[in-house]
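Summary of the model geometry
Listed here are the chains, written in short residue letters.
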Amino acid sequence: MTLLQAPADLEQLHPTEVLRWAFDTYGVADVAVTSSFEDAVLVHLALSVDPAADIVLLDTQYLFAETWWLVEQMQNRFDAKVRVVSPRPEVQRDNLWQTDVEACCAVRKVEPLARALNGKAAWVTGVRRVDGPTRANTPVASFDINRNLVKINPLAAWTDDDMSLYAEINELPANPLSARGYPSIGCWPCTRPVAEGEDRRGGRWAGSGKTECGLHV
Ligand code: SF4
């Protein structure tokens, strides 16, 4: 079992230092960095700490064209090596997103993530406390008992202003949907823009009562 071997001041460290600790402690090849390419911040941070970072994108078959555009930008401008993990071959486009979102996320997100993390000692995510009430207490690092690995959230404490400032300083490309009212970006059938003052994840599975895809539970 991989144990959580975190320094006492981990919660106070800059995301760059958190990532350096993660790569040094667990080995860069044994750490998966997952990104939905909602923005470029986590990917840029990870690559700046170690260009060999294992960047993972779950291709749900329903990603926005704008998300793929940002992937290409990061590949072209920052030489990001993105490991695209797809659903199993038997999972073809279907109507599940209209009839059973839990089952749809199970075969398009949860199962592919399990494969992406197979053999890894640690998993780095872009989860932030400001994402919403279900994420308000997110720690920078914890042991994920269900997945038997260390889960690391370097951006846990970052605000939207922190993210914008980092993106500006580093001249990062943005997902074009961000400027069109999408603060949270997932699959196109289950994501809509939000109104001013609305919960930032209020556009995800709107009206269904679902708030998480099953990856961060
Ligand atoms: S977010 Fe929607 S389309 Fe994407 S996997 Fe989940 S239910 Fe399916």
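These notes cover the structure that comes with them.

What counts and how
Sequence order as written defines residue numbering, which begins from 1 separately in each chain. Owing to the predicted nature of the model, reporting of local features is limited to residues with pLDDT of at least 70; listing and counting of side-chain atom pairs is limited to 80 or more, with chain, interface and lining totals taken over all residues. For the side-chain quantities, the full set of heavy atoms in the structure was used; hydrogens and water were omitted. If DSSP finds at least two bridges between two strands, the strands pair. Elements are defined by DSSP. Helices are runs of H or I of four residues or more, strands are runs of E of two residues or more, and each kind is numbered from the N terminus. Fitted lines through C-alpha atoms serve as axes, helices being fitted only where they are in contact, and the angles separating the N-to-C directions of these axes extend from 0 to 180 degrees. In this analysis, two residues are considered to be in contact whenever any of their non-hydrogen atoms come within 4.5 Å of each other. What is meant by a nonpolar core is a set of buried Ala, Val, Leu, Ile, Met, Phe, Trp, Tyr and Cys residues, joined one to another through side-chain atoms within 4.5 Å. Only protein chains enter the area calculation, which uses a 1.4 Å probe; residues under 20% of their type maximum are buried, those over 50% are exposed, and those in between are partly exposed. In this analysis, the expected span of each helix is defined as 1.5 Å times one less than the number of residues it contains. Every angle not falling under 35 degrees, over 145, or within 65 to 115 is termed oblique; those three ranges are roughly parallel, roughly antiparallel and roughly perpendicular. Crossing chirality is assigned from the near helix's rotation relative to the far helix, an anticlockwise turn below a right angle marking it left-handed and a clockwise turn marking it right-handed. All amino acids are sorted into three groups, where Ala, Val, Leu, Ile, Met, Phe, Trp, Tyr, Cys and Pro are nonpolar, Asp, Glu, Lys and Arg are charged, and the leftover types, Gly among them, are polar.

Notes on the sheet that holds strand 2 (residues 54–58)
Reading across the sheet, the 6 strands line up as 3-2-1-4-6-5 and stay open at both edges, with mixed pairing between neighbours. Whereas interior strands pair on both sides, the edge strands pair on one side only; in this sheet they are strand 3 (82–85) and strand 5 (141–144). Here the average twist between neighbouring strands, direction ignored, is 30°. Bridge count for strand 2 against strand 3 is 4 bridges, and the pairing is parallel. Bridge pairing in strand 3 places Leu-58 opposite Val-85. Each of strand 1 (31–34), strand 4 (122–124), strand 5 and strand 6 (149–152) touches helix 1 (residues 15–26); the most contacted strand, strand 6, lies at about 165° to it.

Side note on the pairing of strand 5
Strand direction decides the pairing type here: strand 5 and strand 6, joined by 4 bridges, are antiparallel. Looking at strand 6, one finds that Ser-142 is bridged to Lys-151. Counted between consecutive antiparallel strands, the loop separating strand 5 from strand 6 contains 4 residues, among which Asn-148 sits at a positive phi close to 60°.

Looking at the nonpolar core
One finds Trp-21, Phe-23, Tyr-26, Phe-37, Val-41, Ile-55 and Ile-152 to be the most contacted residues of the largest nonpolar core, which totals 41 residues. Of all elements in the fold, only helix 1, strand 1, helix 2 (41–49), strand 2, helix 3 (65–78), strand 4, strand 6 and helix 6 (160–169) reach the threshold of two or more residues within this core. Broken down by element, this core gets its largest block of residues, 7 residues, from helix 2. With residues near it in sequence (within four places) discarded, Ile-152 still touches Val-18, Trp-21, Ala-22, Tyr-26, Ala-122, Trp-123, Val-124, Thr-125, Val-140 and Ala-141. By size, the runner-up hydrophobic cluster in this structure holds 10 residues, among which are Val-56, Val-85, Leu-113 and Trp-123.

Observations regarding the pairing of strand 6
Taken together, the 3 bridges between strand 4 and strand 6 define a ladder with parallel strand orientation. Opposite Trp-123, over in strand 6, you have Lys-151 as the bridge partner.

Quick notes on helix 5 (residues 101–117)
For helix 5, with 17 residues, the first-to-last C-alpha span of 23 Å sits near the 24 Å given by 1.5 Å per residue. Considered for burial, the residues of helix 5 that qualify are Cys-104, Cys-105, Arg-108, Lys-109, Pro-112, Leu-113, Ala-116 and Leu-117. Here the buried face of helix 5 lies against strand 1, strand 2, strand 3, helix 4 (96–99), strand 4 and strand 6. Immediately beyond the C-terminal end of helix 5, within one or two residues, lies Gly-119, with a positive phi of roughly 85°.

Points about the packing of helix 1 against helix 2
Taken N-terminus to C-terminus, the directions of helix 1 and helix 2 make an angle of 55°; their axes are 9 Å apart at the nearest point. The pairing of helix 1 with helix 2 is recorded here as oblique in orientation. When you trace helix 1 past helix 2, the crossing you get is right-handed. Facing helix 1, whose interface residues are Pro-15, Thr-16, Leu-19, Arg-20 and Phe-23, helix 2 presents Leu-45, Ala-46 and Val-49. The residue makeup of the contact of helix 1 with helix 2, split by class, is 6 nonpolar, 1 polar and 1 charged.

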